[in-house]
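Next come the chains, spelled out residue by residue.
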Amino acid sequence: MIHLPDYLRPVTTQVDVEAVCRLTLDYARACDLSDLAAAELRLICSELATNLLDHAGGGTLSLAIAAERDRRGVRIEAVDAGPGIVDVDLAMTEGYSTSGGLGQGLPLVRRLASTFEIASTPQGTRVVATKWA
């Protein structure tokens with residue numbers, strides 16, 4: 001079994017997005033995620049990291065091995081100090097966008113993740129997505 005330490009990276013440029021997303025594959029392998037689950041994990045990471053840039057001007061993204069009873073997975077946490085999401089329920093609606101995009105980002109993350117949490121205030125937003133093996 002491969003052990004990887006928790007990883008925290010500031011995300012302030014597209015280079016940071018790519019760097020942290022590449023690392024998801026190491027975490028996926030450490031948890032024996034399937035190739036499909038690893039690809040989904042990378043997409044989750046990309047969406048969350050890109051949201052940090054596009055909507056909050058940056059933030060931090062962390063990766064960690066999650067363990068619960070007899071299963072393992074990868075936990076991705078995105079945190080920013082941006083303006084927050086005014087209406088989280090609306091933001092989770094397919095097709096809704098405040099930036100002119102397709103409005104698929106957060107709904108896609110929720111759909112691909114095994115577990116999904118979001119909390120937002122005017123002081124920032126925290127999203128946690130876990131992909132279980």
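Higher on the page you've got the structure.
Reading the values: rules and limits
- Residues numbered from 1 in each chain as written.
- Predicted model: local features only at pLDDT ≥ 70, side-chain atom pairs only at ≥ 80, totals over all residues.
- Heavy atoms only, no water.
- Pairing = 2+ DSSP bridges.
- Helix = DSSP H or I, 4+ residues; strand = E, 2+ residues; numbered from the N terminus.
- Axes fitted to C-alpha atoms, helices over the stretch in contact; angles between N-to-C directions.
- Parallel < 35°, antiparallel > 145°, perpendicular 65-115°, else oblique.
- Left-handed = near helix turned anticlockwise from the far one by under 90°.
- Contact = heavy atoms within 4.5 Å.
- Nonpolar A, V, L, I, M, F, W, Y, C, P; charged D, E, K, R; others polar.
- Buried < 20%, exposed > 50% of the residue type's maximum accessible area, 1.4 Å probe, protein only.
- Expected span 1.5 Å × (residues − 1).
- Salt bridge = Lys/Arg side-chain N within 4 Å of Asp/Glu carboxyl O.

(A) Broad picture of the sheet that holds strand β4 (residues 115-121). Read from one edge of the open sheet, five strands run β1-β2-β3-β5-β4, paired in antiparallel fashion. Sheet topology places β1 (7-11) and β4 at the edges, where each strand pairs with a single neighbour. The average undirected angle you get between the axes of adjacent strands in this sheet is 15°. Sheet topology note: the β1/strand β2 (residues 59-68) ladder contains five bridges and is antiparallel.

(B) Structural view of the packing of helix α2 (residues 35-56) against helix α4 (residues 105-112). Interhelical geometry of α2 versus α4 gives an angle of 150° and a closest axis separation of 9 Å. In terms of orientation, α2 and α4 fall into the roughly antiparallel class. When you trace α2 past α4, the crossing you get is left-handed. Within the contact between the two elements, α2 uses E40, L43, I44, E47, L48 and N51 and α4 uses G105, L106, L108, V109 and L112. For the contact of α2 with α4, the residue count by class is seven nonpolar, two polar and two charged.

(C) The arrangement of the environment of L108 in detail. With respect to the helices and strands, the residue L108 is situated in helix α4. Classification of L108 as buried rests on a relative accessible area of 18%. In the structure, L108 is positioned 80 residues away from A28 in sequence and 19 Å away in space, judged by C-alpha atoms. Excluding anything up to four places from it in sequence, L108 contacts L43 and E47.

(D) Expanded view of the packing of helix α1 (residues 14-30) against α2. Running from N to C, α1 and α2 cross one another at 155°; their axes reach a closest spacing of 9 Å. In terms of their interaxial angle, α1 and α2 are classed as roughly antiparallel. When the axes of α1 and α2 are compared, the crossing they make is right-handed. Residue-level contacts link Q14, V17, E18, V20, C21, R22, T24, L25 and A28 of α1 to A38, L41, R42, C45, S46, A49, T50 and L53 of α2. Grouping the amino acids of the contact of α1 with α2 by side-chain chemistry returns 10 nonpolar, four polar and three charged.

(E) Fine view of α1. In this model, α1 (17 residues) spans 25 Å end to end at C-alpha, consistent with the 24 Å of a helix rising 1.5 Å per residue. Along its buried surface, α1 packs onto β1, α2, β2 and β3 (71-80). D32 occupies a position one or two residues after α1 and carries a positive phi of about 60°.

(F) A look at the pattern of salt bridges. In the structure shown here, the tally under the stated rule is nine salt bridges. One salt bridge in this structure joins R71 and E68, with 2.5 Å as the shortest N-O distance. Taking the relative accessible area as the measure of exposure, R71 reaches 30% and is therefore partly exposed. The exposure class assigned to E68 is partly exposed, which follows from its relative accessible area of 28%. Salt bridges sharing partners connect three or more residues here, namely R75, E77, E117 and R126.

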